[in-house]
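# Analysis of the macromolecular model
Letter by letter, the chains look like this.
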Amino acid sequence: MQKNKPDANQPRYVISVAAEMLGTQPYTLRYYERVGIIKPARSGGNLRLYSDDDLMQLRRVMTLMYDLGVNLAGVEVIMHMSNQIIELQQTNTVLLQELNQYRQE
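In this report, we go over the structure that sits alongside the text. Keep in mind that this is a model prediction, so the values were computed, not measured.

Now for the packing of helix 1 (residues 15–22) against helix 2 (residues 26–34). Contact pair helix 1 / helix 2: the axes reach a minimum separation of 8 Å and the direction vectors enclose 105°. By the angle class used here, helix 1 and helix 2 are roughly perpendicular. Every residue of helix 2 that contacts helix 1 at Ile-15, Ser-16, Ala-18, Ala-19 and Leu-22 is listed here: Pro-26, Leu-29 and Arg-30. Grouping the constituent residues of the contact of helix 1 with helix 2 by class yields six nonpolar, one polar and one charged.

All right, on to the pattern of salt bridges then. In this structure the tally under the stated criterion is three salt bridges. Among the salt bridges present, the one from Asp-52 reaches Arg-12, with a minimum N-O distance of 3.8 Å. Of this pair, Asp-52 sits in helix 3 (residues 52–67) while Arg-12 sits in the segment before strand 1 (13–14), and the two are 40 residues apart along the sequence. Residue classification places Asp-52 among the partly exposed positions, given a relative accessible area of 28%. Overall, Arg-12 belongs to the partly exposed group, its relative accessible area being 35%. A salt bridge links Glu-33 to Arg-42; the nearest nitrogen and oxygen atoms lie 3.1 Å apart. The exposure class assigned to Glu-33 is buried, which follows from its relative accessible area of 18%. Residue Arg-42 is classed as partly exposed on the basis of its relative accessible area, which comes to 36%. Taken together, the shared-partner salt bridges in this structure form one network comprising Glu-33, Arg-42 and Arg-48.

About the criteria used
- The written sequence of each chain sets the order in which its residues are numbered from 1.
- Where totals are concerned, whole chains, interfaces and linings use all residues; where local detail is concerned, this predicted model gives features only for residues with pLDDT of at least 70, and gives and counts side-chain atom pairs only at 80 or more.
- To get the side-chain values, take all heavy atoms of the structure and skip hydrogens and water.
- Convention adopted: a line fitted to C-alpha atoms gives each axis, helices being fitted over their contacting stretch, and angles between N-to-C directions are expressed from 0 to 180 degrees.
- Helix and strand definitions follow DSSP, with helices as H or I runs of at least four residues and strands as E runs of at least two, each counted in order from the N terminus.
- Reported orientations rely on four angle classes, namely roughly parallel under 35 degrees, roughly antiparallel over 145, roughly perpendicular from 65 to 115, and oblique for the rest.
- Throughout, a contact is declared for two residues whenever any of their heavy atoms are within 4.5 Å.
- Lys, Arg, Asp and Glu make up the charged group, whereas Ala, Val, Leu, Ile, Met, Phe, Trp, Tyr, Cys and Pro make up the nonpolar group; the residues left over, Gly among them, are polar.
- Note on definitions: salt bridges are taken to be side-chain nitrogens of Lys or Arg within 4 Å of carboxyl oxygens of Asp or Glu.
- Partly exposed describes any residue whose relative accessible area lies between the buried limit of under 20% and the exposed limit of over 50%, with all areas from a 1.4 Å probe on protein chains only and scaled to the type maximum.

Everything listed is a geometric property; what it means functionally is a separate question.
Written out as structure tokens, the structure reads:
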């Protein structure tokens, strides 16, 4: 019997749990949200809910800032460029598939 893999985009962690998992404080996560680094989902009661993808993104932010010494403005630029690269790679994959399809016809 195969178990379904949990969805990494599924909001599931309240801010205190997310902060503990990241080794930081809830006010740090609130600050990152305020400056636009992360946008957690909200529950019906307006609680912040973080997904596994959110935690992965926050780990990257923390690595850039604390391990590599990048300031917050630099982190924003790096994260934006990383997202653009991912989008371009996805577009490139689709275009290559279409090109291969036309070549086979």
